[in-house]
Amino acid sequence: KQEVTQIPAALSVPEGENLVLNCSFTDSAIYNLQWFRQDPGKGLTSLLLIQSSQREQTSGRLNASLDKSSGRSTLYIAASQPGDSATYLCAVRRPNQAGTALIFGKGTTLSVSS
Amino acid sequence: NAGVTQTPKFQVLKTGQSMTLQCAQDMNHNSMYWYRQDPGMGLRLIYYSASEGTTDKGEVPNGYNVSRLNKREFSLRLESAAPSQTSVYFCASSPRTSTTTNEKLFFGSGTQLSVL
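Everything in this summary refers to the structure shown in the same document. (Residues numbered from 1 in each chain as written. Chains lettered and ligands numbered in written order. Predicted model: local features only at pLDDT ≥ 70, side-chain atom pairs only at ≥ 80, totals over all residues. Heavy atoms only, no water.)

### Quick look at the state of the cysteines
Residue and element names in this part refer to chain A.
Argument step 1. Summed over the entire model, instances satisfying the criterion amount to two disulfides over all chains.
Argument step 2. Across a sulfur-sulfur distance of 1.9 Å, C23 and C90 are joined as a disulfide pair. Since a negative S-S torsion denotes a left-handed disulfide, the C23-C90 link at about 75° is right-handed. Here C90 lies in strand β9 (residues 86-95) and C23 lies in strand β3 (residues 19-25), a separation of 67 residues in the sequence. Across the pair, exposure class does not vary: C23 and C90 are buried alike. (Disulfide = S-S within 2.5 Å. Helix = DSSP H or I, 4+ residues; strand = E, 2+ residues; numbered from the N terminus. Buried < 20%, exposed > 50% of the residue type's maximum accessible area, 1.4 Å probe, protein only.)

### As for the packing of aromatic side chains
Residue and element names in this part refer to chain B.
Argument step 1. Tallied over the full model, the rule gives nine aromatic pairs over all chains.
Argument step 2. Note on Y33 and Y48: the rings are 6.3 Å apart at their centroids and 25° apart in plane angle, and the pair reads as stacked. Note that Y33 is positioned in strand β4 (residues 31-38) and Y48 in strand β5 (residues 42-49), a separation of 15 residues in sequence. For the pair formed by Y33 and Y48, the shared burial category is buried. (Phe/Tyr/Trp six-rings, centres within 6.5 Å; stacked < 30°, edge-to-face > 60°.)

### Digging into the layout of surface pockets
Argument step 1. Within this model, the largest pocket holds a volume of roughly 530 Å³.
Argument step 2. Lining the largest pocket we find 24 residues, and of these Q38(A), G41(A), K42(A), Q37(B) and V88(B) sit closest to its centre.
Argument step 3. Mapped onto the lining of the largest pocket, the elements with two or more residues apiece are β11 (108-113) of chain A together with β4, β9 (87-94) and β11 (111-115) of chain B.
Argument step 4. Tallied by class, residues from the lining of the largest pocket come to six nonpolar, 13 polar and five charged.
Argument step 5. Estimated volume of the second largest pocket: approximately 380 Å³.
Argument step 6. For the second largest pocket, the lining is made up of 19 residues, of which Q2(A), I103(A), F104(A), M41(B) and E59(B) are closest to its centre.
Argument step 7. For the lining of the second largest pocket, the elements supplying multiple residues, two or more each, are β1 (4-7) and β10 (100-104) of chain A together with β5 of chain B.
Argument step 8. The element that contributes the greatest number of residues to the lining of the second largest pocket is β5(B), accounting for four residues.
Argument step 9. Class assignment for the residues of the lining of the second largest pocket results in eight nonpolar, five polar and six charged. (1 Å grid on protein atoms, 1.4 Å probe; cavity = no way out; pocket = protein on both sides within 12 Å on 5 of 7 lines; lining within 4 Å. Points joined across faces, edges and corners; volume = space filled by probe spheres on them. Nonpolar A, V, L, I, M, F, W, Y, C, P; charged D, E, K, R; others polar.)

### Focus: the sheet that holds strand β7 (residues 62-67) of chain A
Residues and elements named next belong to chain A.
Argument step 1. Pairing in this open sheet of five strands is antiparallel, and the strands run β1-β3-β8-β7-β6 from one edge to the other. The sheet is open, and its two edges are formed by β1 and β6 (56-59), each paired on a single side. Recorded for the sheet is a direction-independent mean angle of 15° between the axes of neighbouring strands.
Argument step 2. Of the pairings in the sheet, the one linking β3 to strand β8 (residues 72-77) comprises six bridges and is antiparallel in character. Bridging across to β8, C23 finds its partner in S73. (Pairing = 2+ DSSP bridges. Axes fitted to C-alpha atoms, helices over the stretch in contact; angles between N-to-C directions.)

### Things to note about the environment of P95(B)
All names here are of chain B.
Argument step 1. Inspection of the secondary structure assignment puts P95 in the loop between β9 and β10 (106-107).
Argument step 2. For the pair P95 and H29, spaced 66 residues apart in sequence, the C-alpha to C-alpha distance is 4.2 Å.
Argument step 3. Discounting residues that sit within four places of it in the chain, P95 has contacts with H29, N30, S31, E103 and K104. (Contact = heavy atoms within 4.5 Å.)

### Looking at the side chain of N63(A)
All names here are of chain A.
Argument step 1. Mapped onto the secondary structure, N63 falls in strand β7.
Argument step 2. Of the polar contacts made by the side chain of N63, one reaches the side chain of E56; its length is 3.0 Å.
Argument step 3. In this structure the side chain of N63 is engaged in a polar contact, spanning 2.7 Å, whose partner is the side chain of T58.
Argument step 4. The contact partners of N63, leaving out residues within four places of it in the chain, are L48, E56, Q57, T58, T74, L75 and Y76. (Polar contact = N/O pair within 3.5 Å; in protein donor to acceptor, adjacent residues only side chain to side chain.)

### Details of unusual backbone geometry
Argument step 1. The omega torsion across I7(A) and P8(A) is 5°, close enough to zero to call that bond cis.
Argument step 2. Relative to the assigned elements, P8(A) resides in the loop between β1 and β2 (10-14).
Argument step 3. Cis rather than trans, the peptide bond between T7(B) and P8(B) has omega equal to -5°.
Argument step 4. By secondary structure assignment, the location of P8(B) is in the loop between β1 (4-7) and β2 (10-13).

Rendered as structure tokens:
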């Protein structure tokens, strides 16, 4: 059974700091891995998607890496800002018979102080 | 661009009552999903519809039914609500089915449901 773990559950940093969020998964048979952002009381917004054949994806100050063999992904946020405060979730997309669906981690809640 | 629209945003039910959560997407996506989000449990898949006319159970389907009314709409029904179904429910959609490796999920803003 695929399980996705995110450590730490919460993280507080001062503005301007570079930081790394971690995601690990137990089954390397994945189609892709996505990182999402969730603001309080809101839905999820997809930040980055890494296909199973890729090693990393970048968007602005965000960089996500994927190491399938070790079952790990990291989300690197450069020069953090208070507006980055949110919960970040990773999810792996697995194959199954009738379709595919995402398995989510429980998220890391990030707080960036000014 | 509306994206994925869920109604209602908030709902309070008494144990045993029934209700239907509505979801519609205007992106011409084939696949649609219902998730629930609980503190400490993360997001869990309830049901999904890989394409119009098909539905399949996810991780936690008990107590729920779904209908893929057409390509745009995917509803979730609670026939007899229980306090354990108190949660935030999210609908999502994605462009294509099965083996596409680079399709993203788009989420609605959620329905906060309380069952007393």
